[in-house]
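Architecture at a glance
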Amino acid sequence: MRTVSTRLVSSRLAAAALGAALGASASGAATAEILRKGAWPDVEPKVSVEVSNEPRNEALKRVAQAAGWSLVLNVPPGDAVDLHVQDQPADRVLELLLADGSYVATRDGDLIAIAPAPAAPYPAPAAPAPEQPAAGSPPAPSPAASPDDAEDEDAEEARPSSRGRDRFVTGGSLRIEKGEVVNDVSVIGGSLDVWGTVTGDIDVMGGSTHIHEGARVRGDVSTVGGPLTVADGAAIDGDVDVVGGPLRRGERARIRGDVNNDANPMGGDGSSAKGASTLAREAGNAVTRTAFLFAFGAVMLALWPRRMEALKVEIAARPMRSFALGAVGVLGAVAVAAALCVTLIGIPFAVIGLLLAVVAVVAGGCAVLETAGAGLFGHRTRNPYAHLAIGCLGLLIVSAIPYVGGALCAAVALIGAGALVATRLAGLLRPRPRGEGAAGPYRTAP
């Protein structure tokens with residue numbers, strides 16, 4: 001059984017005593033070696049551990065628990081030890097407990113895996129000296145390296161020894177210098193310039209992203225609301241997603257993953273098949289929304305024809321007034337919902353009210369589309385369902401125009417909401433009869 005005790009006042013003398021105690025009891029300690037891999041900090045936490053007559057593996061677990069590590073062991077249990085350590089560096093105690101052989105300690109953050117070091121291979125026989133060409137004969141040509149071999153060599157040289165630390169910046173810009181190695185990078189409300197190596201992913205929102213020449217990103221790159229520039233000589237190993245901004249890619253820039261850019265549906269790398277698939281999916285979604293809108297309007301026409309007619313009359317007579325009332329009504333509804341959300345009791349009422357408001361606005365929008373269809377083809381047919389279908393088809397066509405389609409959809413919703421306000425929800429809310437007050441109706445003298 002080995003005994004490890006450090007109770008001296010000086011930490012340096014205590015470490016020396018700890019090393020002497022383990023070194024005197026472990027055979028072959030002179031050849032022992034702990035090879036560290038991964039990112040190890042310069043200063044480890046100090047631990048105090050008390051273990052009596054326990055296997056070495058249990059002592060290692062106690063040290064890891066005191067240091068805040070997660071330990072994965074693949075080493076022999078070892079002899080029973082007595083460990084009495086006070087305020088000693090955790091990595092030093094770990095090395096002394098493993099002084100009976102050669103081990104590899106691989107670290108990833110707080111996770112440490114320990115395994116025996118692989119045995120050294122037997123020395124390879126010396127290669128025969130190259131045969132010298134005879135005098136006057138041309139030299140033998142050297143084998144040319146293939147492009148794949150050169151690319152693999154570049155990848156090995158560019159592979160960092162550690163992943164680096166994460167970088168997160170809000171409301172400012174970030175610059176990864178040349179030769180700097182970082183892991184995941186997140187920037188919100190600022191620009192990003194990468195000259196070095198990023199071993200993880202890049203996420204940028206509300207700013208520009210520039211991957212400069214010689215920079216390398218081993219993960220994915222995602223940007224929202226800003227342009228992405230990949231210069232000549234830059235490399236991205238993962239996928240690229242650009243939403244709400246252009247993608248500028250140099251001719252010699254390397255992107256190994258998929259490229260998705262909504263500003264260029266055909267794909268920044270010429271992938272026309274993916275662009276066609278994206279356009280087909282968006283067109284299918286638009287047709288589905290239009291079909292749902294027509295079905296909802298048809299139900300409203302079948303159940304409440306008079307109320308839909310009242311909305312139609314108001315929209316046709318005063319469209320601009322309905323638009324203004326709709327804008328004011330939406331702002332008022334948002335203010336009331338925010339006021340209700342101040343208390344927990346009001347939150348359910350706010351949610352229910354917003355749902356009912358959405359249903360009412362959709363119904364008003366259907367009335368607007370029916371009115372538009374009647375204005376276009378009312379001289380050919382008086383069928384309200386045909387008018388609604390024509391209005392929905394027109395909205396589907398115009399909504400495909402960038403910017404104009406969104407503005408038109410907003411105008412339809414606001415006019416429908418204003419018509420609901422002007423007609424008191426199409427007559428659901430009856431106005432107070434004129435002449436009534438707190439003391440009852442006024443009476444006129446005979």
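What this report covers is the structure whose coordinates are included nearby. (Residues numbered from 1 in each chain as written. Predicted model: local features only at pLDDT ≥ 70, side-chain atom pairs only at ≥ 80, totals over all residues. Heavy atoms only, no water.)

1. Some thoughts on the sheet that holds strand β20 (residues 247-249)
Neighbouring strands of a sheet are bound in pairs by backbone hydrogen bonds; such pairs are parallel or else antiparallel. Short version of the rule: Note on pairing: two strands pair once DSSP finds at least 2 bridges between them. Counting from the N terminus, the helices are the DSSP runs of H or I reaching at least four residues and the strands are the DSSP runs of E reaching at least two. The axes are straight lines fitted to the C-alpha atoms, using for helices just the contacting stretch, and the angles between their N-to-C directions are given from 0 to 180°.
Strand order in the open sheet formed by five strands is β9-β11-β14-β17-β20, and the pairing between neighbours is parallel. Edge positions in the open sheet fall to β9 (174-176) and β20, since each of these has one partner strand only. With direction set aside, neighbouring strand axes in the sheet form an average angle of 5°.

2. Comments concerning unusual backbone geometry
Operational definition: Exposure classes here rest on a 1.4 Å probe applied to the protein chains alone. A residue is buried below 20% of its type maximum, exposed above 50%, and partly exposed in between.
Despite not being glycine, N53 shows a phi value in the positive range, around 55°. With respect to the helices, strands and loops of the structure, N53 is situated in strand β3 (residues 46-55). Of note in the backbone geometry, R424 takes a positive phi value of approximately 55° without being a glycine. Within the secondary structure, R424 is located in helix α11 (residues 424-427). Looking at R424, the relative accessible area reads 44%, which means it is partly exposed.

3. What about the pairing of strand β7 (residues 111-116)?
Remember that side chains alternate between the two faces of the sheet whenever the strand is regular. In terms of strand pairing, strand β4 (residues 70-73) meets β7 through four bridges, oriented parallel. Bridged to L71 within β7 is I112. Direction of pairing for strand β6 (residues 102-108) relative to β7: antiparallel, over a ladder of six bridges. In the strand pairing of β7, R107 is matched with I112. Counted along the chain from β6 to the antiparallel partner β7, the turn is two residues long, and its residue G109 has a positive phi close to 70°.

4. Quick notes on helix α7 (residues 319-340)
Cut-off, in case you're wondering: Take the residue count of a helix, subtract one, and multiply by 1.5 Å to get its expected span. The arc in question is traced by the directions running from the helix axis to the C-beta atoms.
Between its first and last C-alpha, α7 extends 31 Å over 22 residues, near the 32 Å set by a 1.5 Å rise per residue. Of the residues making up α7, those classed as buried are S322, G326 and A337. Buried residues of α7 fall within an arc of 45° about the axis and therefore sit on the same side. Structural note: α7 exposes M320, V328, L331 and A339 on the side pointing more than 90 degrees away from its buried face.

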